[in-house]
Amino acid sequence: VYHAPYFLIMLGLLAANIALCSWRRRAMVRSRPDVFLTHASILTILAGGMVGTVWGVRGNLPLNQGETKDQVESAKGGFKLPFSVKLEAFRIEYYDSGQHRLTLTRRADGWTETVLTRPGERISLQDGAVTVSLLAYYPDFIIGEQGPATRSQEPVNPALRLEIADRAGSEKYWAFAKFKDFHASPKSRYQVSYEMVPGKIKQFHSDLGIVENGWTAVRRGIYVNKPLTWRGYRFYQAGYDQDNPGFSSLMVSRDPGTGVVYLGFGLLCVGLTWAYARAFRRKPS
């Protein structure tokens, strides 16, 4: 709405109205300079807003870890930055490590129960007749040279190694959050379905590098409410992809009217303070 033509027309009409009112009362400029300063500050704020609306730019910069880009996407077709931005690293910070939701189904009689647990815990079900122990958790499961391992601590391919014991004995199982159809041997007594319940996100960070003429001019980490400013462009942490731990979405903006707006607000504070001070001095005792 702030970039719509009708909004700009309304701003222009408001500015013209204030300017004409001030011009008609120009004879009072010596007797009431505070009023004219206040009017001028409002015009300055409106001018800054219009400059930012007309000549400012805003868009999205999606990046994968290690990727370098200078092209920003926007609804108006995008624009090119006078430098490149590289995503050197991205990480998500959680309040806790999350929980694991397991659904156990006994093949013999169809008994089913769902539980929430954490690695290292041992849960008793059916008054102790069935116990479930989480032996290991692999956030990003792979098969390495030494056997099962994890590539990172991000829950990209969560897997659990667990043990289920009952009166008939104990069995070990694998459970994969992304492969819910994976089950143990048909001879196994239980079928296990696993779902990862991630912890509440506390913050997400992007480590950026600004590349100019083939070399990195600056490296800076950003997160929500802590943007990076470079050559008039501001980069905000805007989003992420929970299925891709190396992806970060940045919001890019450039507003050449910001300084004008700040100047207008400064003049407004001076003008209003001046007006109140004059009124206070003239107040009868």
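Let me sum up the structure you'll find in this document. (Residues numbered from 1 in each chain as written. Predicted model: local features only at pLDDT ≥ 70, side-chain atom pairs only at ≥ 80, totals over all residues. Heavy atoms only, no water.)

## Some remarks on the overall build of the protein chain
Then, in step 1: Helix and strand counts for the protein chain stand at three helices and 17 strands.
Then, in step 2: Along the longest, intermediate and shortest principal axes, the C-alpha atoms of the protein chain span 100 × 60 × 35 Å.
Then, in step 3: The burial tally for the protein chain puts 35% of its 285 residues in the buried class.
Then, in step 4: Put simply, of all contacts in the protein chain between residues at least 6 apart along the chain, 51% involve residues at least 24 apart.
Then, in step 5: Accessible area of the protein chain: about 17100 Å², with a carbon and sulfur share of 55%. (Helix = DSSP H or I, 4+ residues; strand = E, 2+ residues; numbered from the N terminus. Buried < 20%, exposed > 50% of the residue type's maximum accessible area, 1.4 Å probe, protein only. Contact = heavy atoms within 4.5 Å. Areas by Shrake-Rupley, 256 points an atom, 1.4 Å probe, with all protein chains shown as cover.)

## Remarks on empty space enclosed by the protein
Then, in step 1: Here the structure, examined in full by the defined rule, presents two cavities of 30 Å³ or more.
Then, in step 2: Its boundaries defined by the atoms lining it, the largest cavity holds a volume of some 40 Å³.
Then, in step 3: Together, Ile92, Tyr94, Glu154, Pro155, Val156, Asp241, Gln242 and Pro245 line the largest cavity.
Then, in step 4: Considering only residue class, the lining of the largest cavity consists of five nonpolar, one polar and two charged.
Then, in step 5: Approximately 30 Å³ is the volume found for the second largest cavity.
Then, in step 6: Along the walls of the second largest cavity sit Trp174, Ala175, Phe176, Phe179, Lys180, Phe182, Val192, Ser193 and Tyr194, which together make up its complete lining.
Then, in step 7: Elements represented by at least two residues in the lining of the second largest cavity include exactly strand S11 (169-176) and strand S12 (190-197).
Then, in step 8: In terms of residue class, the lining of the second largest cavity is made up of seven nonpolar, one polar and one charged. (1 Å grid on protein atoms, 1.4 Å probe; cavity = no way out; pocket = protein on both sides within 12 Å on 5 of 7 lines; lining within 4 Å. Points joined across faces, edges and corners; volume = space filled by probe spheres on them. Nonpolar A, V, L, I, M, F, W, Y, C, P; charged D, E, K, R; others polar.)

## Describing helix H2 (residues 33-55)
Then, in step 1: Along its 23 residues, H2 runs 32 Å from first to last C-alpha, staying within 8% of the 33 Å computed at 1.5 Å per residue.
Then, in step 2: Of all the positions in H2, only Asp34, Phe36, Leu37, Thr38, Ser41, Thr44, Ile45, Leu46, Gly48, Gly52 and Thr53 are classed as buried. (Expected span 1.5 Å × (residues − 1).)

## With respect to the nonpolar core
For soluble globular proteins, the rule of thumb is that nonpolar side chains tend to be buried together.
Then, in step 1: With 20 residues, the main nonpolar core has Leu61, Leu81, Val85, Leu208, Phe235 and Val252 as its most contacted residues.
Then, in step 2: Every element with two or more residues in this core is listed here: strand S1 (57-64), strand S3 (79-94), strand S13 (201-212), strand S14 (215-223), strand S16 (233-241) and strand S17 (244-254).
Then, in step 3: Broken down by element, this core gets its largest block of residues, seven residues, from S3.
Then, in step 4: What valine 85 contacts, discounting residues up to four positions off in sequence, is Leu61, Leu63, Glu67, Thr68, Lys69, Leu208, Gly209, Ile210, Phe235 and Leu250.
Then, in step 5: The next biggest cluster of nonpolar side chains, apart from the first, holds 19 residues, and it includes Leu104, Val115, Leu162 and Val192. (Core = buried A, V, L, I, M, F, W, Y, C linked by side-chain atoms within 4.5 Å.)

## Some details on the sheet that holds S11
Then, in step 1: Read from one edge of the open sheet, four strands run S6-S7-S10-S11, paired in antiparallel fashion. If you trace the sheet from one side to the other, it starts and ends with strand S6 (122-125) and S11, each paired once. Averaged over all pairs of adjacent strands, the angle between their axes in this sheet comes to 25°, without regard to strand direction. (Pairing = 2+ DSSP bridges. Axes fitted to C-alpha atoms, helices over the stretch in contact; angles between N-to-C directions.)

## Let's talk about the layout of surface pockets
Then, in step 1: Space inside the largest pocket adds up to approximately 470 Å³.
Then, in step 2: Along the wall of the largest pocket there are 20 residues; nearest its centre are Arg58, Ser253, Arg254, Asp255 and Thr258.
Then, in step 3: Among the elements of the structure, H2, S1, S16, S17 and helix H3 (258-282) are those that each provide at least two residues to the lining of the largest pocket.
Then, in step 4: No other element matches H2, which puts four residues into the lining of the largest pocket.
Then, in step 5: When the residues that make up the lining of the largest pocket are grouped by side-chain class, the tally is five nonpolar, eleven polar and four charged.

## Points about helix H1 (residues 5-24)
Then, in step 1: Between its terminal C-alpha atoms H1 stretches 29 Å, which fits the 28 Å expected from 20 residues at 1.5 Å a residue.
Then, in step 2: Buried within H1 we find Leu11, Ala15, Ile18 and Ser22. Projected down its long axis, H1 shows its buried positions confined to an angular sector of 65°, all on one face. Those residues of H1 that are exposed and angled more than 90 degrees off the buried face are Pro5, Ile9, Met10, Leu13, Leu20, Trp23 and Arg24.
Then, in step 3: Residues of H1 that are buried in the fold lie against H2. (Arc of directions from axis to C-beta.)

## A word on the sheet that holds S17
Then, in step 1: Strand order in the open sheet formed by four strands is S1-S17-S16-S15, with antiparallel pairing between adjacent strands. The open sheet has two edge strands with one neighbour each: S1 and strand S15 (228-230). Each strand axis lies, on average, 30° off the axis of its neighbour in the sheet, ignoring direction.
Then, in step 2: By the bridge criterion, eight bridges tie S1 to S17 in an arrangement that is antiparallel.

## Digging into the pairing of strand S4 (residues 99-106)
Then, in step 1: Side-chain alternation along S4 places His100, Leu102, Leu104 and Arg106 on a buried face and Gln99, Arg101, Thr103 and Thr105 on a face that remains uncovered.
Then, in step 2: By the bridge criterion, eight bridges tie S4 to S12 in an arrangement that is antiparallel. Of the residues in S12, the one forming a bridge with leucine 104 is valine 192.
Then, in step 3: Direction of pairing for S4 relative to strand S5 (residues 112-117): antiparallel, over a ladder of six bridges. The residue bridging histidine 100 from the neighbouring strand is threonine 117, located in S5.
Then, in step 4: Taken together, S4 and the strand that follows it, S5, pair antiparallel across an intervening segment of five residues, in which glycine 110 is found at a positive phi of about 80°.

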